[in-house]
Amino acid sequence: MVDRKASINRRTFLELSAATVAASTTASAHPGELYEAKHSAADLAAQGPRRRVLQAQCPYCGVGCGTLIQVEDDRIVGISPDKQHPTNKGLQCIKGLNAHEPTYRDRLTRVLVRKDMSDPATGHVSATKGRFDDEVFREASYEEAEALVADRIASYVKQFGGNSIGLNGSGQLTMEAQWIENLLMKGVIGSNSIEANARMCMTSAVTGYFHSYGSDTPPTSYDDIEQADFITFWGHNARDAHPILFWRVADYKEKTGIPTLVSDPRRTGTVTALEDVNPRNSYHFQTLNGDISYLNAIAHVILAKHPAAVMPEEWLDRHTEGWREYVAGVKERYSPAQVIERLRYVDEGRVTVEQIEKIAALWAEASLKGRRQGRGGVLTFWGIGYNQMLHGQHNTISIINLHLLTGNLGRPGCGTHSQTGQPNAMSERLMGGLTGRLPFNKPLDDPKWRDWIADCWGVERDRLAQTAGLKNPMVIGMLERALNDDLKAMFWMYTTHIHLPDLNTLVRPAMTKLFCVVQDIYRHAPNLLYADVVFPAQTWGEWPGGVYIQSERRLYVNDGVGRSFDERGQVITEARPDMDMAIDKGKALAARLGLDVEKILPWKRRTDGPFAGSYDPEEVFAAIVRASKGSDADVTGLLEVRERDGVGLYDQLRRLRGIQWPAPTYEIAKAGGTPRRYMGQEGWDEAPYALFPRQGGKAKFKLCEQDYGADGSALLREVAGELAKYGARPGEGPFLYQNVALLEKARDNALTPELPDLEFHRDATKTLEDAKAEDKYPFWLGLGIVYEHFHTAKTIRGPSTLRLVPEQYVEVSPADGTRYGLADGEKVRIVTRRGSYEARVSIGTTSMVKPARSTTFPGYLFSPWNLSVADSADPARNRWLVNAVSHRAWDPVSGQADYKKCAARIERV
Amino acid sequence: MNRRAFLRNAVALGVACGGGVALFRGEAEAARGGAGLRPPGARSEAEFLSRCIRCFRCADACPNGAIVALNPQTGRDFSRTPGPAEAGTPVIFPRRQACMLCQGVPGDELLCTAACPSGALQLVRKDPADIQAKVRMGTARIDHNICYSWNCASCGVCARACPFEGRALKVGIFERPVVDPAYCVGCGLCERACIRYPQAASVEPRRA
């Protein structure tokens, strides 16, 4: 019902907008304006400042709410939610609502060049890295700095090879900029060392999807929420991280009374809000690191007690492979009692047999109901916390296993939905802006697709084949390579280095040695501390267009005013869109490396219109759409619509409020794309694959194991002891990328990167002072996010959001507060083997230290990373940098680090 | 657009009511900048005014700088012109700085009540039961017409700020706040925290 209603709404809207656009093609020159707004703007023109409304996707989390940017004379003055957008239906959270506030603050206005630059070719290390005051920089013209960068990079490429150049991109860049940066690295420079902050966000889900489904495609839509019979969240504090998605779930729960499950070590706001709706069918697995085992145990109970919910053998044989081994292993080793015993050392029996059996019963009931009705079933969300583990890929696979076993896929209202953190992380993945990846879900070592992309990029096929032979051990390994003198220079585009783990011993020493080229918007952004050349960039709302893709595969256009301003309202003439700067760098480097510039980067700056002086992102987007032909993310239907109906690509996205990929045909593109994937749901007659885009067309099971070793902790101790050697001394080896076997061992047994001194914590006579005296680390420390902030740059510069949570805090359980005599609001220092930060103690939900939404269990601490540089980015004054303490250990397949389980102690200040 | 239109209306309303239509005074105050509250533990208004010796020690004691002396200057932004008996008495404008009930401050009593030499403020201990028993500065109310959470934006900021969260101020679905007057002591932290302008959360002062 809900679905039908939504589609009618959308259809009527489309008809209306088609009719009205036809009538108004001659109206105002600004292409990004809402149709409705054009008229009101004309009416208001006589009255004062020109008011316009631009369409965009919210620049914060991966939910991707439709947002209307209120513009007054080219200045962004406000944000309002888009009532026509199918994702948020007129809802918005406070971050998005205040997204305009940090736009004109602390802006970088000039191109800066460090006076004393690091030069890895000569081995010179700058003495001023770690500082960003005016003294250490000189101003330069854009052209001079571009030439300087191109000369240097080209000389490194010639001397050390293309792979000596690295790039860290962003899930906040537009799709077009991501396409160009990938072309710049893999095609022009010939480097496979391209990474992005998507690595720390989503790659565990990505690699899990590839393993199980054969393509990095979340198969579901948000509209599945309102059709599901049972919704589960794994490692996902949705109320904080993805509020609009969460409230859609809670709203639906209130209306229909569906059961819900949250698996999280903390009692988060997500848990309590669902309990507020209905405490009798809201469940909470309070587990740390045990998700794989519990998922397997749910499968065990379903197999043993609810066999009707298991898909028939012939179905499993026809559509999947590897299920027999999975079933056998789960039956043998994952009974609830076995699992709870095996995890007791860490989980201390917080999850019970009864809970697991109850969840299995609900899961089975929902699965059967969904199958009977042809819609509904179990819908599973998981968040970044679930991905950020040593065994993140296995976490994802375990969820998919259970969904395959119970047939919760291939129909509306059920399925697996990974929720991205960044607004455009999905595009970073789809554009292949990661080591070893090509655009559109294909690996770099797929020769056929590689040749096709080489042709699309206009680079020699051999050149790209050469790139494919290069190795890069993902982002953390890439920085280790820098310390090992294997990487010479790095680009940082629209991302900060403080999202990476182990800053003091790994990231910052590496950036000190490297020649770093930074594109940023803020004058006091942490990246400037280690930048050799800094280019001011335009930000969201200022770009002359650009596409974002949110978590339900929806491509949506971000319109902008095309100009940047500083606090005083002066135009920043030097600020350019990231895509433009990437194109300029590509052109300069291609020329210096003897490549055909005109063929690779044919784009020209516009000379007239409202966006004169910038490249046209829509032209680049058209090239991207063309290149998608034949992939499982084919969106060439948009081109057909443009040809047959004469509607521009961006206009199609604007009118439909986004199109969900794939959209391979005219009809599918006109209908807004494909809401659901796999099992023939696409309605795509000539899909380039069978039911699943894997070889053989089948989905794949894999039993993921978890075992802490003899007596429940031997293996944990052993591996944690080994891992403790990494990051012990700043800037020095050993390097973990040279010991991937250790990471694989940790992954295969689903271990933790560190192990606190739990015996110390369990000894009730020990105090905080004892821990310091005996050099013990008795607490688990998890890092994450808080509702009021998005990451570390923008919301801490917006007064509304900063005021709400202005200070770094650490959540301590009420029992620990009493035991150690820690008062609510007391200032403490959190110390791990690699560093420390200061924070205010926040105890429970009645704490005066806000937001006070969560309660932790005894022995577990939690801090958000959002406030890392809210005091000051300057290391001399920065006390809140949480990633100074985290461990670098990563999942050997996905490359994602484990931020959730550090060993820490508390020291009084 | 909305905000401007609303503001214009609000100002118009304020002007229309400025002539002294007592019934609308609260509305106008809420629209312009909120009303003034007596410090915690204040006795009934008449008794408070007769006991208060304008010594200003409560304000000096306040760790949050919330208490100010009421005079035409301080009242100007808050639609509160002191009457002849009120000039120089202590008052809290929560929009400027709210009463944090001395949470997180050393001591067992609310500092202003401990400092009061005349008994205009009765001594209040810091435990929640005593605060609930003795403190009634006013009652918070939420304007559903302008509150973000009641209008499609999940905000919930006021409830996070409430010292009696879950009792005095509870959030429901979409973080929509609901006040329970039985528990609300009128500290004004919700009004102070509200990110809507004009504030959707405001404290209606206890008048008697």
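Residues numbered from 1 in each chain as written. Chains lettered and ligands numbered in written order. Predicted model: local features only at pLDDT ≥ 70, side-chain atom pairs only at ≥ 80, totals over all residues.

### A short note on the overall build of chain B
Step number 1: In terms of regular secondary structure, chain B is built from 9 helices and 7 strands.
Step number 2: Across the 208 residues in chain B, those meeting the buried criterion constitute 44%.
Step number 3: When contacts within chain B are restricted to residue pairs at least 6 apart in sequence, long-range pairs at least 24 apart make up 65% of them. (Helix = DSSP H or I, 4+ residues; strand = E, 2+ residues; numbered from the N terminus. Buried ≥ 20, exposed ≤ 12 C-beta atoms within 10 Å, placed from the backbone. Contact = placed C-beta atoms within 7 Å.)

### What about the nonpolar core?
Burial of nonpolar side chains together is a common tendency in soluble globular proteins.
All names here are of chain A.
Step number 1: Ranked by size, the top nonpolar core spans 328 residues in total, and within it Ile298 and Ile830 carry the most contacts.
Step number 2: Examining the composition of this core, we find that 9 residues originate from one element, helix H5 (residues 175-189), more than from any other.
Step number 3: Setting aside residues up to four positions removed in sequence, Ile830 forms contacts with Leu781, Val810, Ser836, Tyr837, Ala839, Leu861, Ser863, Val885, Ala904 and Ile906. (Core = buried A, V, L, I, M, F, W, Y, C linked by C-beta atoms within 7 Å.)

### Description of the confidence of the model for chain B
All names here are of chain B.
Step number 1: Taken as a whole, chain B shows an average pLDDT of 82; of its residues, 83% reach a score of 70 or greater.
Step number 2: By mean pLDDT, helix H2 (residues 25-32) is the weakest element of chain B at 45, and helix H6 (residues 111-115) is the strongest at 95.
Step number 3: Confidence drops under pLDDT 50 across residues 9-33; counting only partners more than four residues distant or on other chains, this segment forms 23 contacts.
Step number 4: Both confidence scores are given for the complex: pTM 0.88, ipTM 0.70. (pLDDT = per-residue confidence, 0-100.)

### Remarks on the environment of A:Pro509
Residue and element names in this part refer to chain A.
Step number 1: Looking at the secondary structure, you find Pro509 in helix H22 (residues 503-513).
Step number 2: On the neighbour-count criterion, Pro509 (21 C-beta atoms within 10 Å) is buried.
Step number 3: C-alpha separation for the pair Pro509 and Val111, spaced 398 residues apart in sequence, amounts to 24 Å.
Step number 4: Filtering out sequence-adjacent residues up to four positions away, Pro509 remains in contact with Leu483, Pro730 and Gly731.

### A short note on the interface of chain A and chain B
Step number 1: Taken together, the 23 residues of chain A in the interface contact 15 residues of chain B.
Step number 2: For the side of chain A that touches chain B, the elements supplying multiple residues, two or more each, are strand E4 (92-93), helix H3 (94-97), helix H8 (243-256), helix H9 (269-277) and helix H33 (799-804) of chain A.
Step number 3: For the side of chain A that touches chain B, the element with the highest residue contribution is H8(A), accounting for 6 residues.
Step number 4: For the side of chain A that touches chain B, the class distribution of residues is 14 nonpolar, 4 polar and 5 charged.
Step number 5: Pairing of E4(A) with strand E4 (residues 153-154) of chain B involves 2 bridges; the strand directions are parallel. What sits directly across from A:Gln92, in E4(B), is B:Ala153. (Nonpolar A, V, L, I, M, F, W, Y, C, P; charged D, E, K, R; others polar. Pairing = 2+ DSSP bridges.)

### Let's talk about helix H12 (residues 323-333) of chain A
Residue and element names in this part refer to chain A.
Step number 1: Of the positions making up H12, those classed as buried are Trp323, Tyr326, Val327 and Val330. Along the long axis of H12, the arc covered by the buried residues comes to 95 degrees, so they all point the same way. Facing away from the buried side of H12, by more than 90 degrees, are the exposed residues Glu325, Ala328 and Glu332.
Step number 2: Contact partners of the buried residues in H12: helix H10 (291-305), helix H11 (313-319), strand E12 (320-321) and helix H17 (392-405). (Arc of directions from axis to C-beta.)

### Points about the environment of A:Thr855
Residue and element names in this part refer to chain A.
Step number 1: Inspection of the secondary structure puts Thr855 in the loop between strand E27 (836-843) and strand E28 (860-864).
Step number 2: Since 22 C-beta atoms lie within 10 Å of it, Thr855 is described here as buried.
Step number 3: With 601 residues separating them along the chain, Thr855 and Glu254 place their C-alpha atoms 24 Å apart.
Step number 4: For Thr855, the contacting residues outside a window of four places in its chain are Arg266, Arg267, Ser813, Gly844 and Thr845.

### Some words on the sheet that holds strand E6 (residues 137-140) of chain A
Residues and elements named next belong to chain A.
Step number 1: Spatial strand order, E6-E5-E19-E18-E17-E7-E8: 7 strands in an open sheet with mixed pairing. Where the open sheet ends on each side, the last strands, each with one partner, are E6 and strand E8 (194-196). Taking the axes of each pair of neighbouring strands and ignoring which way they run, one obtains an average angle of 20 degrees across the sheet.
Step number 2: Judged from the 3 bridges that link them, strand E7 (residues 165-169) and E8 form a sheet pairing that is parallel. In the sheet register, Gly169 faces E8, and the bridge partner there is Ala196. (Axes fitted to C-alpha atoms, helices over the stretch in contact; angles between N-to-C directions.)

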